[in-house]
Every structure is written in C-alpha cells, then in structure tokens.
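Chains, contacts and geometry: an overview
So the chains spell out like this:
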Amino acid sequence: MPKTMFDKIWDAHEVADGLIYIDLHLVHEITSAQAFEGLRLEGRQVRRPDKTLATADHNVPTDGTPAAHLIADEMSRKQVEALERNCAQFGVPVYSLGSNRRGIVHVIGPELGLTQPGTTIVCGDSHTSTHGAFGALAFGIGTSEVEHVLATQCLPQRRPKTMRIEYAGERRPGVTPKDLILATIGRLGTHGMIGYAVEYAGEPIQTLSMEGRMTVCNMTIEGGGRAGMVAPDDTTFAYVEGRPGAPEDFDKAVEGWRGLNTDEGAEFHSRVEIDASAISPMVTWGTQPAQVVEVTDRVPDPDAIDASADREAAERALAYMALEPGTPMTEIPLDRVFIGSCVNSRIEDLREAAAAVEGRTVADTVRAMVVPGSEQVRADAEAEGLDEILRSAGFEWRTSGCSMCLGMNPDVLADGERCASTSNRNYEGRQGKGGRTHLVSPLMAAAAAIEGHFVDIREWQ
Amino acid sequence: MRPIDVIEGGISVLDRADVDTDQIIPKQFLKRLERTGFGEFLFYDWIRSGEIELERNPIFLTGRNFGCGSSREHAVWALQGFGFEAIVAPSFADIFYVNCTKVGLLPVVLDERHCTAIADAGEARIDADDQTVSFSGGVVEFEIDPDVKHRLLHGLDEIGLTLRKEAAIGEFESSGGADRGPVTTAL
C-alpha cells in the first residue's frame, strides 16, 4: 500500500503500539528544569545522552554576555545555570553562553547537521516543527514529555492524521516563504491544522532553499499543526553534507533518504490546494497569526465577519492593537522593527534584509534591531560584512538568542509600542506587556524600518 | 499524579476562542524552576486588568482551540494550581491537550452546542470512567483515548509504564532502530 512520508517515518520508529522512538531530543533552559528534577526525584538517568543536546536561548541577553554567571537578571541566571548543572550531572552535551555553537535551538539543530531526514525530533518548544523542513518528523512537547524522553528515549503518542498542502504557480517577486505560510494560516485559521501532520508540497516548496522551507515548517504550529514536513531532495542533502553531525557514510545515508518521499497514490486525511502566484506580501493586523491581510489591504471591519467567535476576537484584537477598521496597512506608523527569531534569523534572512537597506537609513521614529539566530549565523554574517551594512543603516546588531520574539530577556517592547517583527507570534503581550506586534517577512521588516511604516515591497524603490 | 474519578461542581466560563498559552501564563512566570505555585499567576494580565473574572470552580469551560501556541506545560500547572480539575471545550491545541493528560487535568472535548448548554447550566458532573458529562440539560458522552483514560483513572506514572517496555526498547535499539540521527556527544 502506498505510504506518505509521515507514515514511513512513524512506522520505522514504532517500538510498540503507540510508542515511538526519538532520534534527537533538543533541550533548552525554559522547559527542562522540572524534567531533570523529576528524574532526580525518581532516581532515573538520561537513557541516551548521545541523542540529546541542550542550548540556552530563550532568556539569554543579546548584549554579548559571555557566561551564565554574568547574566544580570537573577531568575534568568539561575535558570541557565540550572541547565548547565543538569547537563553536567546527566552527561548531556550543552552549548551555553560562551560557546560559538550556541543559538536558538531550531537554528543550531540544522546548522550542526543534527537535523536529518527520516528522523524523529522533539524539543520542549512548539516551534520544533521547523526541523520537518528536512523530511523529519519533528514536534514540540511539554515538560512531562521532556522528562519521558530523557528517561526512556521514547514517547507515547497518538498517531496524528495527515494533511497535504499542495502549492502551485510561481511565487511573485517580493513574496517570501514567510508570506506563503502567513497566507496559508490566514486561509485555514489558527485551528485549521489541529491534529494533523502536514506535508507541504508542490513546485513553490521544492524551489525553496532550506532556510525558506524551515520558515514554512516553523509556523505550522501557528495553524495548530502537530508537525510540518517537506520531502527531502538534493537541496536538503547538500545542506546537511559536511556539517559536524552529518552521517559518516553520507552517500549511504542519502540512498536511504531518497526513499522517504510520499509514494504515488498515498492517501492523506485532508488535502488543501493553494495558488502561490496569488499570494502577496502579508502583514498581520491582530493578535493571532491568522489575522492577516495583504500589505495593500486595509485593517478589516469586524462587522463584516460572519462567525461570531471570529468577530468578537477581531473586535478585541483591534482594541488591543489600537487600530481603526479601514486604515490602509501602509499608513500604520511603527516604533520598532525586530529581525530575528527561529522563523527568520538565518543567514539568508539577514542577507535579504541587508540588501534591502544598503545605503539607506532607518527612519528617525524607529528603533530597529537584528538578532542573528545563532553565533554561527552571526559569524557568517560578519564575515560577509552584513553587520556593517545593517549598522550603517542604523540597525542594532546583537548576539544570538530568542530575543524579542517572546520578551523573556531584556529585549522587549514598551507598553503601547508598535513593532514590525519577523517572528511567528503576535499574541497580546508576546513581545512585552502592552506591545503591539505585526508579523512580516524580513524583507518587509527591513523596508518598514527605513520608511517608518509598512510598504508594498513590490513597489518600493 | 492524583487519580481522577468524578469531578463535580460549579463551572467557570471563559467565552473566547483561540486562547493562547501566553495569556494563560505570561512569560515572566516561566523562569521558576518548580512545578508548583503557578495558580496565582493564571491569566495574569487579563485578571489584573479586570478584563475577565474567574471564580475558583472544579470545572473550566472555554472556546475552540484552547491552549494554542507555546508548548509551556506551565499553562496546565497554572490552571490546575488555580483549582480546576477538568476543562471543557470544543477543541484544544494538540500539545496543550497532551500536557493536560500528563498531569491529571481532564480535557473534555464536546461540540459547541453542548458547551453552551453546560455553560448555561452552571454546574456539571463529569465521570471520567463512564466518559459522560451530566448537567441539568441532560447527559452527553465524550471521547478519550483508552490508554490515557486508564492512566488518569489510576493516577499512574507514565514513565514507569514505558520503562516496563524496556525489553522492547532494548530490542529496537540493538536491532538497528536507533541508528538513525546524529551522535550529539561526538560533535
């Protein structure tokens, strides 16, 4: 019987009925402390430290603080120190402050060659779906599950349903992977993929770089999806090859990976078709990622929304965002611009942003910052001179971390500040209490920083 | 985990869809290293600003896609710490639902119509074993995975259950099943 890529990976990992084996467990400081404590209380060990890797990313400052004990915020310091202590006690490798391999967990996994096709990957972080870009089954888990995987290297799981989102047509200039996924979530809603492992397919996906595929898979969770996946191909293999964690016998590995693709005629529980050529640069206007419009649109009128739950949500969102229905999106003035986070902080994103702002200056009214996804991305960008271009234009250039995506560190919005952000969540208070977030692509964020408001990147000179 | 049997009493209603875990427990409370003490921070900003009021009842009832967003189990710890023993909604975000079942906060999925009727009733009796919710308007059944139900009814340590399958895990590893993926200790 023909199988989907998801089915092939799931079936190869089922240790017992409903119990799957985990090939890679990524760990960070926010969701692991209680899990390690649970192991200690029960006298349990980490079963496979050699399949586990930790890093500090969520609450670290991005000012170059070189060691955990120098973190100014006491609770953050204690949390990162606890991570280092726990990893030392249980033999888990950790890249903490001071390591040139540290970075956002979903950036360093692929970067180190740890994220590989055909594997199962979990992390106590919802954006673990990112790794599915390599043809892996990757999903976020809670702290109890983190403890479970640490102790057993397995996870009891209900088998999700499968969905295939097939894109057709050619992506137009100025339309980025971020716009593809924002438009998709806008259509399906924040609950549209609940219960599904989603395979993204079609030529507009196949022609994306690995960075672009990661952007798409990353935001699967914003549509409620359990996991997002893209079939591995030569682009994938070329990305993995030569990285520190890549398989020793690479050719043999590739041979196996070539068999992962969904078989002809395999059945999905749900299929969605999307015309990529009809997608424009997107901007969110509300407090959930599905509240999104094209940049040339206006702030929507809640009265025009039929479903009462959605209408009420829109009314609350507009009140929080301090937006009037009918306002052109391009006339919304901005205070801050943030380029970073696990969805858009890789070298390709920074190259796009730098190219857009080269020789220009950030608007007087805007404070703009760029936060590379990892120390390696930072080093690569600096070797290419991207930092100089961005600094000259008036951007702050920071060290790596989750930064202002979630405001658990000193990078936050002040009450009432409005931000164009390349991150993945525009929830109330996400970037700082009272902060107002508009999600956009790196290209759109860069242009908005220069102009002080959103612009249609396709028209921008 | 405490075993779950019958949960009975008043219902606190939050009539909103797509409530994300950032609202349930804001980020500033995620730096604690314990599993306890999160109840007082539940819906911190919404309650402090007076935007919502929430009574302490055994049952919480809310809108579709509850608990979307971040995987933070702290959200479940906060709801449980506040005093809720069961949550009724038309749908839950996947990770949130699983997190609930790990700590013994019973998630109950019912369609919108029944949710509204139960909210109006103001009180209910949820029987985890029978998989029923009884209220003044009638009795409705809900679904739950049989293994999850068994574990919740008996308050079983799930890791302990998996460790009993040691032979199968060991066999899987020694027969090449664990050969995929990187060796993180050899980078």
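Not measured: the values here are computed from a predicted model. (Residues numbered from 1 in each chain as written. Chains lettered and ligands numbered in written order. Predicted model: local features only at pLDDT ≥ 70, side-chain atom pairs only at ≥ 80, totals over all residues.)

Each helix and strand in chain A was counted, giving 15 helices and 19 strands. Relative to a compact globule of 461 residues, whose C-alpha radius of gyration would be 23 Å, chain A shows 21 Å and is just as compact. Considering only C-alpha atoms, chain A reaches an extent of 55 × 55 × 45 Å along its principal axes. When burial is assessed residue by residue, chain A has 62% of its 461 residues classed as buried. Considering only residue pairs separated by 6 or more positions, chain A has 76% of its internal contacts joining residues 24 or more positions apart. (Helix = DSSP H or I, 4+ residues; strand = E, 2+ residues; numbered from the N terminus. Rg over C-alpha atoms; globule rule 2.2 N^0.38 Å. Buried ≥ 20, exposed ≤ 12 C-beta atoms within 10 Å, placed from the backbone. Contact = placed C-beta atoms within 7 Å.)

With parallel pairing, the 5 strands of this open sheet are ordered in space as 5-4-3-6-7 (chain A). Looking at strand neighbours, the two that pair on one side only are strand 5 (94-95) and strand 7 (137-140) of chain A, the edges of this open sheet. (Pairing = 2+ DSSP bridges.)

It is worth spelling out the environment of A:Arg367 at this point. Residue placement: A:Arg367 occurs in strand 16 (residues 367-370). Linking A:Arg367 and A:Arg425, residues 58 residues apart in sequence, is a C-alpha distance of 20 Å.

On to the confidence of the model for chain B. In the predicted model, chain B carries a mean pLDDT of 97, and 100% of its residues have values of at least 70. Among the scores for the predicted complex, ipTM is 0.98 and pTM is 0.98. (pLDDT = per-residue confidence, 0-100.)

All names here are of chain A. For strand 9 (residues 161-168) and strand 10 (residues 196-201), the ladder comprises 6 bridges, and the chain directions are parallel. Paired with Thr162 across the strands is Ala197, a residue of strand 10. Following the chain from strand 9 across helix 6 (residues 177-188) to the adjacent parallel strand 10, one finds a crossover that is right-handed. In this sheet, strand 12 (residues 270-275) lies alongside strand 9 in parallel orientation, the contact comprising 6 bridges. (Right-handed = clockwise from strand over helix to strand, strands pointing away.)

Here we take up the sheet that holds strand 5 (residues 123-127) of chain B. Residues and elements named next belong to chain B. Here we have 7 strands laid out as an open sheet, ordered 4-3-2-1-5-6-7, and mixed in their pairing. Edge positions in the open sheet fall to strand 4 (106-109) and strand 7 (138-141), since each of these has one partner strand only. Across the sheet, the mean angle from the axis of one strand to that of its neighbour is 30°, orientation sign disregarded. Sheet topology places strand 5 next to strand 6 (residues 132-135); 3 bridges connect them, and they run antiparallel. Residue pairing across strands places Arg125 opposite Ser134, the latter belonging to strand 6. (Axes fitted to C-alpha atoms, helices over the stretch in contact; angles between N-to-C directions.)

Let us now look at the interface of chain B and chain A. Counting residues at the interface gives 49 residues for chain B and 65 residues for chain A. Element by element, the count of residues in the side of chain B that touches chain A is highest for helix 4 (residues 94-103) of chain B, at 6 residues. When its residues are assigned to classes, the side of chain B that touches chain A shows 18 nonpolar, 13 polar and 18 charged. (Nonpolar A, V, L, I, M, F, W, Y, C, P; charged D, E, K, R; others polar.)

The tendency in soluble globular proteins is for nonpolar side chains to be buried side by side. If you look at the biggest cluster of nonpolar residues, it comprises 202 residues, and the most contacted ones within it are A:Val337, B:Leu79 and B:Ile87. At 8 residues, helix 15 (residues 442-451) of chain A tops the list of elements feeding residues into this core. Excluding its chain neighbours within four sequence positions, the residues that come into contact with B:Leu79 are B:Ile24, B:Leu42, B:Phe60, B:Phe84, B:Ile87 and B:Leu105. (Core = buried A, V, L, I, M, F, W, Y, C linked by C-beta atoms within 7 Å.)

We now examine helix 2 (residues 33-42) of chain A. Residues and elements named next belong to chain A. Here helix 2 has its buried residues at Ala33, Gln34, Ala35, Phe36 and Gly38. For helix 2, the secondary structure elements touched by its buried residues are helix 3 (74-90) and helix 5 (143-152). Positive phi shows up at Gly43, right after helix 2, with a value of about 65°.

We now examine the pairing of strand 6 of chain B. Residue and element names in this part refer to chain B. Taking every second residue as pointing to the same face, the buried face of strand 6 carries Val133 and Phe135, while none of Thr132 and Ser134 on the other face is buried. The antiparallel hairpin formed by strand 5 and strand 6 contains 4 residues in its connecting segment, where Gln131 sits at a positive phi of about 60°. Alignment of strand 6 against strand 7, held across 4 bridges, turns out to be antiparallel. For Thr132, the partnering residue across the bridge sits in strand 7 and is Glu141. In this structure, the hairpin formed by strand 6 and strand 7 is closed by a connection of 2 residues.

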